[in-house]
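Descriptive structure summary
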Amino acid sequence: MSDSSDFYSLNVNTLKEPILKKLSEVLDKTNNKGWRKLGEIVASDRRFKVSGEEMDRCSLKVLELEGSPSRSLLRLIGDRGCSVKDLVEFLQTMGHAEALQCIKPPGIKIIIQPQSQAVMSGHTVRLSCHAVGHPNIQYQWFKMKEEVPNGNSPELVFSPVHVQDAGFYICRVNCGGSFEFSQWAQLEVFDVAATYGSVCHSIDGRLKIVIQPQPQRLLIGDTLDLVCGAVGKPIPQYQWYKNGLPIKDATKKRCLIPYVTLEHEGKYRCEVFSNEEYLWTQDVHIQIEHLCLKKRTILDAYTFPQRLSEAMECSEGGFYSINSTNSLVKPIYTILATDKVALLIGNMSYQNHPKLKAPMVDVYDLTNLLRQLNFKVVSLLDLTESEMRNAVDEFLLLLDKGVYGLLYYAGHGYENYGNSFMVPVDAPNPYRSANCLCVQSILKLMQEKETGLNVFLLDMCRKRNIHDDIIPNVEALRVTANIVFGYATCQDAEAFELNSSGFTNGVFIKFLKKRLLEDEKITVLLDRVAEDMGKFDPTKGKQALEIRSSLSEKRALTDPIQPTGCSDETMARNLQWAKAHELPESMCLSFDCGVQIKLGFAAEFSNVLVIYTSIVKKPEDMSSCQAYVTNFTPELDVDPKEMNKGTPEETGSYLLSKSLPQHCLYTRLSSLQKLKEQLMFTVCLQGKFTSVEDLVDWSIEVNIGKPLIAKLDLHRTVRRNSCLQTCLMPHSPSHSPCHSPGAEHYYQHCYPQQYQSSYLGVYDHIHGLGSPCASNSLEFGAHCNLTPYHQDDMSFPVSPTRVNIPIETTDDINELQTSFIDSLQLFKNP
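Keep in mind that this is a model prediction, so the values were computed, not measured.

**A word on the overall build of the protein**
Helix and strand counts for the protein come out as 18 helices and 43 strands. Total accessible area on the protein is roughly 38300 Å²; 49% of this is exposed by carbon and sulfur atoms.

Here it is, written out as structure tokens:
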């Protein structure tokens with residue numbers, strides 16, 4: 001038959017035996033779309049009414065050696081004149097896509113499949129799909145599961161193509177009630193003109209490298225990030241080499257080594273290939289340094305308008321520059337850090353006090369920004385007293401002479417006699433100084449490390465704690481010119497978080513994150529934040545940033561890093577930081593039944609791990625299967641209701657969702673610091689074969705060791721010479737500057753606003769016990785509008801020189817196609 005109308009007019013019994021056999025196998029599956037459902041629908045049609053007794057006779061066919069209830073039912077309705085068209089309508093009513101795929105009119109054949117390709121933005125790109133066999137063929141293109149608007153022709157044209165057009169595409173070819181899907185085609189789109197300028201390239205599908213890796217000079221512990229990009233059809237493949245030898249598993253556009261040592265130094269290049277074409281990138285030299293730099297290029301805008309060619313280090317810590325006439329000019333003083341480390345703590349889930357929302361978003365945003373400034377960041381959520389003290393101890397191990405140390409805390413807190421106290425999540429009600437950590441005591445310990453800069457950003461209340469009447473024994477701190485305190489609010493005042501149904505920043509971080517990347521002295525930067533906060537109507541008269549500083553140099557968070565040498569302290573610091581951020585390697589689990597499951601891991605915070613699972617292979621005779629993780633150690637207290645979810649958001653991972661692969665099940669593990677033993681869990685698999693009605697279970701035990709911060713054993717008993725000892729003797733560099741040694745080095749900026757009695761659109765963020773607002777929610781007045789104040793709080797600054805590189809995907813095409821087809825709705829014959 002060459003015409004689809006003739007095919008659909010055929011009697012069901014005249015279909016070829018292979019079609020009937022395959023259709024019967026599909027309908028024999030015991031589910032809500034099986035042969036019994038078909039019988040119910042047919043029974044409602046007067047032409048082919050099937051009785052209950054006839055259905056029972058069909059069901060008895062399972063007792064025969066090769067009996068099939070579906071085959072018996074099809075033969076029965078065929079004898080009563082049921083045509084292929086009638087059967088298609090019944091299957092469409094059931095919504096049975098798999099069964100409909102078994103019934104195809106002859107002649108539908110896709111002769112041109114769409115091809116994956118990598119292209120540059122700004123050019124015209126075509127994806128083609130052509131089928132033959134019938135004059136009434138229709139096309140519909142999809143991007144993932146969404147229909148492409150106006151994508152109903154054999155060619156999908158992008159003129160011009162943009163970065164947002166990148167993704168997976170598939171075409172559905174319709175003819176009557178049946179359809180065929182093309183193969184998947186991936187479209188990669190590069191946009192590098194903003195960084196590399198105009199890039200000429202061929203548009204005929206030939207292989208061409210458009211992004212070359214760049215030479216880098218790194219320090220031990222830094223991240224090596226090499227990027228290569230190529231256009232071509234089909235999508236090019238990559239293999240990275242070091243010193244002429246291939247690097248294992250380095251087969252992506254990006255070669256990423258998170259923690260480099262001296263052994264990573266050498267020449268790197270990438271082989272790019274597609275079909276029979278092979279190209280090599282340029283060789284780049286990666287230099288790993290652990291000694292002072294001897295030469296450096298600088299720009300003295302006050303001495304010469306042009307860039308000076310070279311600078312030589314002088315013994316005073318500055319640089320002698322050499323101009324174009326090779327004559328020495330005066331030394332230029334350059335401020336450097338030997339390293340930068342940060343400890344960020346956000347406490348939200350208090351056991352005996354009001355819970356908070358903003359600290360999680362605040363810590364996440366600040367982590368991303370500080371990493372752009374080359375800080376080694378440890379970010380932690382919801383710590384008990386002992387965990388906080390041990391975290392501070394580990395933070396102190398990261399400090400050394402000349403290191404920039406930054407401590408950020410968001411949570412409940414208070415201030416007594418000029419000393420600030422951070423409240424752990426397990427603090428009793430009421431709490432006292434013995435239950436909390438004194439910030440000024442931590443400063444004293446940091447001073448002993450001879451740090452180059454000490455920055456404290458305290459996003460907490462500074463109200464007096466009426467339950468704590470202990471007068472601290474104040475011991476004078478060393479006189480240093482490197483201390484900066486940024487208090488989110490003034491003394492004896494509260495800090496606030498926005499009243500919102502979603503996750504937003506607190507008021508302090510809302511404005512700080514817009515300024516943090518500015519290349520300014522840290523006190524100047526905080527001055528600008530204070531001015532921004534002063535213009536924020538909802539908190540006028542309630543919250544104003546206060547800055548206290550003894551900084552006498554123009555030190556900034558953007559200062560470059562130059563280590564003093566590869567000392568034991570430096571190596572220990574880098575190893576300690578790397579240890580706290582080591583993720584388990586992704587793994588592929590193979591079950592005896594032939595199913596393969598991919599297990600991946602991602603870090604949302606230093607103590608929060610996300611596990612994602614996906615099925616990458618299953619045997620053809622398995623009709624369905626599902627994998628999930630379970631049986632975690634009780635120490636983590638994982639709620640089974642929040643495990644194995646279809647989206648990261650359902651697990652509580654709202655901030656990491658855009659970075660995780662799709663088509664997975666997700667489980668979020670928080671409080672990794674509580675792990676005392678290695679993390680073990682079970683991966684379970686449930687599957688059903690076409691020949692077996694019952695579900696079959698398999699399981700594999702997995703041990704991933706101690707991930708992330710769990711390696712540091714923060715659950716241990718607090719060491720005797722730790723923060724606990726100094727917290728019993730709190731010290732303050734600024735509570736009474738006129739009576740403290742070195743008081744002339746301190747200055748105080750406070751931006752008070754006239755108190756307003758109108759209600760605000762905020763919650764009391766972090767209040768001390770006994771505060772007037774402790775039991776009072778502040779709501780919006782009619783004059784306030786919440787939306788303008790937080791609508792962009794989840795956006796992160798992006799470097800303007802960042803190259804737009806297509807995201808690496810690990811999606812398995814077969815699994816992608818299966819999940820896609822199952823999700824589509826069927827369309828009836830017009």
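**Concerning a nonpolar patch on the surface**
Side chains of Leu60, Val62 and Leu63 sit close together on the surface and give an oily, nonpolar patch of about 340 Å² of accessible area. Here Leu60 lies in the loop between α4 (52-59) and α5 (69-79).

**As for helix α13 (residues 522-534)**
For α13, with 13 residues, the first-to-last C-alpha span of 18 Å sits near the 18 Å given by 1.5 Å per residue. Of all the 13 residues making up α13, 10 are buried; the element is thus mostly covered by neighbouring parts of the structure. When α13 is considered as a whole, its buried residues turn out to be Ile522, Thr523, Leu525, Leu526, Asp527, Val529, Ala530, Asp532, Met533 and Gly534.

**Some thoughts on the sheet that holds strand β38 (residues 622-630)**
Spatially, the three strands line up as an open sheet ordered β38-β40-β41, and their pairing is antiparallel. Two strands in the sheet have a free side with no partner beyond their single neighbour: β38 and β41 (696-703). Direction aside, the axes of adjacent strands within the sheet are offset by 20° on average.

**Structural notes on the sheet that holds strand β29 (residues 419-422)**
Taken together, three strands build an open sheet; the order of strands is β28-β29-β30 and the sheet is antiparallel. In this open sheet, the two edge strands, each paired with only one partner strand, are β28 (413-416) and β30 (437-438). Examined bridge by bridge, β28 and β29 share four bridges and lie antiparallel to one another. Residue pairing in the sheet places Glu415 in a bridge with Ser420 of β29.

**With respect to the environment of Ser182**
Structurally, Ser182 is set in the loop between β9 (178-181) and β10 (185-190). Note: C-alpha distance between Ser182 and His130 (52 residues apart in sequence) is 9.3 Å.

**A few points about the environment of Leu87**
Tracing the chain through its elements places Leu87 in helix α6 (residues 84-94). Leu87 gets classed as buried once you look at its relative accessible area, which sits at 0%. Here the alpha-carbon distance between Leu87 and Asn11, two residues 76 residues apart in the chain, equals 9.5 Å.

**Considerations on helix α2 (residues 17-27)**
Along α2, the residues that are buried comprise Leu20, Leu23, Ser24, Val26 and Leu27. Here the buried residues of α2 occupy an arc of 160° about the axis, which is enough to place them on one side. With respect to the buried face of α2, the exposed residues turned more than 90 degrees away are Pro18 and Lys21. Along its buried surface, α2 packs onto α3 (35-43), α5, α6 and α7 (97-102).

**A word on the packing of aromatic side chains**
Considering all chains together, one arrives at 13 aromatic pairs under this definition. With centroids separated by 5.4 Å and ring planes inclined at 10°, the aromatic side chains of Phe485 and Tyr487 adopt a geometry described as stacked. This pair shows no difference in class: Phe485 is buried, exactly as Tyr487 is. Three or more aromatic residues joined by ring pairs make a cluster, and in this case those are Tyr414, Phe421 and Tyr431. For the cation-ring pair, Arg269 lies above Trp280, with the distance from its terminal atom to the ring centre recorded as 3.7 Å.

**Quick word on the pattern of salt bridges**
In the structure shown here, the tally under the stated rule is 30 salt bridges. The salt bridge partner of Lys540 is Asp537, with a shortest N-O separation of 3.3 Å. We classify Asp537 as partly exposed; its relative accessible area is 42%.

**Some points on the side chain of Asn174**
Position of Asn174 among the secondary structure elements: in strand β8 (residues 167-175). On the basis of relative accessible area, Asn174 is assigned to the buried category, the value being 16%. Leaving out residues up to four positions away in the same chain, Asn174 has contacts with Asn136, Ile137, Gln138 and Phe179.

**Thoughts on the packing of α2 against α5**
The N-to-C vectors of α2 and α5 enclose an angle of 125°; their axes lie 8 Å apart at closest approach. Classified by the angle their axes make, α2 and α5 are oblique. Taken as a pair, α2 and α5 cross one another with a handedness that is right-handed. Contacts between α2 and α5 involve Glu17, Leu20, Leu23, Ser24 and Leu27 from the former and Ser70, Arg71 and Leu74 from the latter. Taken together, the residues that form the contact of α2 with α5 break down as four nonpolar, two polar and two charged.

**Description of the pairing of strand β39 (residues 665-669)**
Counting buried residues in β39 gives five out of five residues, a clear majority hidden from the surface. Sheet analysis places strand β37 (residues 608-617) next to β39, joined by five bridges and oriented antiparallel. Looking across to β39, one finds that Thr613 is bridged to Leu665.

**Concerning the confidence of the model for the protein**
Here the protein averages 77 in pLDDT, and 75% of its residues register 70 or above. Predicted confidence is poor over residues 728-804, with pLDDT under 50, and the contacts of this stretch with residues over four places away or in other chains come to 199 contacts. Residue range residues 807-812 is modelled with pLDDT below 50. Its contacts to residues more than four positions away, or to other chains, number 12 contacts.

**Thoughts on unusual backbone geometry**
The residue after Ser159, namely Pro160, is reached through a cis peptide bond having omega 0°. Relative to the helices and strands, Pro160 resides in the loop between β7 (155-158) and β8. Along the chain, Asn429 connects to Pro430 via a cis peptide bond; the corresponding omega equals 5°. On the secondary structure map, Pro430 appears in the loop between β29 and β30. One non-glycine residue, Asp713, adopts positive backbone phi at about 55°.

**Section: the packing of α3 against α6**
One can describe the packing of α3 onto α6 by two numbers: an axis separation of 10 Å at closest approach and a directional angle of 115°. Once α3 is placed against α6, the crossing between them reads as right-handed. Between α3 and α6, the residues in contact are Lys37, Leu38, Ile41 and Val42 and Leu87, Phe90, Leu91, Thr93 and Met94, respectively. Of the residues contributing to the contact of α3 with α6, the split by class is seven nonpolar, one polar and one charged.

Parameters at a glance
- Along each chain, residue indices are assigned from 1 in the same order as the chain's sequence is written.
- Since the coordinates come from a predicted model, pLDDT governs what is reported: local features require at least 70, and pairs of side-chain atoms require 80 or more to be given and counted, while whole-chain, interface and lining totals use all residues.
- Note that water and hydrogens are dropped before the side-chain values are worked out from all heavy atoms of the structure.
- Runs of E in the DSSP output that reach at least two residues are strands. Runs of H or I that reach at least four are helices, and both are numbered from the N terminus.
- For accessible areas, the Shrake-Rupley method is used with a probe of radius 1.4 Å. Any residue's cover is judged against the shown protein chains and nothing else.
- Like charges are joined within 9 Å and nonpolar side chains (Val, Leu, Ile, Met, Phe, Trp, Tyr) within 5 Å, but only among residues with over 30% relative accessible area and no salt bridge; these make up the patches.
- One speaks of a salt bridge when a side-chain nitrogen belonging to Lys or Arg is within 4 Å of a carboxyl oxygen belonging to Asp or Glu.
- Here the expected length of a helix is defined as 1.5 Å per residue gap, with one fewer gap than residues.
- To sort residues, take the accessible area from a 1.4 Å probe on protein chains only and compare it with the maximum for the residue type: under 20% means buried, over 50% means exposed, and anything in between is partly exposed.
- In this scheme, strands are said to pair when DSSP sees at least two bridges between them.
- Inter-axis angles, ranging from 0 to 180 degrees, are taken between N-to-C directions of lines fitted to C-alpha atoms, where helices are fitted over the stretch in contact.
- Throughout, the arc means the angular range of directions from the helix axis out to the C-beta atoms.
- The contact definition used throughout considers only heavy atoms, calling two residues in contact when any of these lie within 4.5 Å.
- Any pair of Phe, Tyr and Trp rings, taking the six-membered ring for Trp, is counted once the centres come within 6.5 Å. Such a pair is stacked with planes under 30 degrees apart, edge-to-face with planes over 60 apart, and tilted for the rest.
- Here, a charge over a ring means that NZ of Lys or CZ of Arg falls within 6 Å of the ring centre while also lying within 35 degrees of the ring normal.
- Should an angle lie under 35 degrees it is considered roughly parallel, over 145 roughly antiparallel, and from 65 to 115 roughly perpendicular; all remaining angles are considered oblique.
- The crossing is said to be left-handed when, going from far helix to near helix, the turn is anticlockwise and less than a right angle, and right-handed when the turn is clockwise.
- Classification convention: Asp, Glu, Lys, Arg as charged; Ala, Val, Leu, Ile, Met, Phe, Trp, Tyr, Cys, Pro as nonpolar; all other residues, Gly among them, as polar.
- Confidence of the prediction at every residue is given by pLDDT, a number between 0 and 100.

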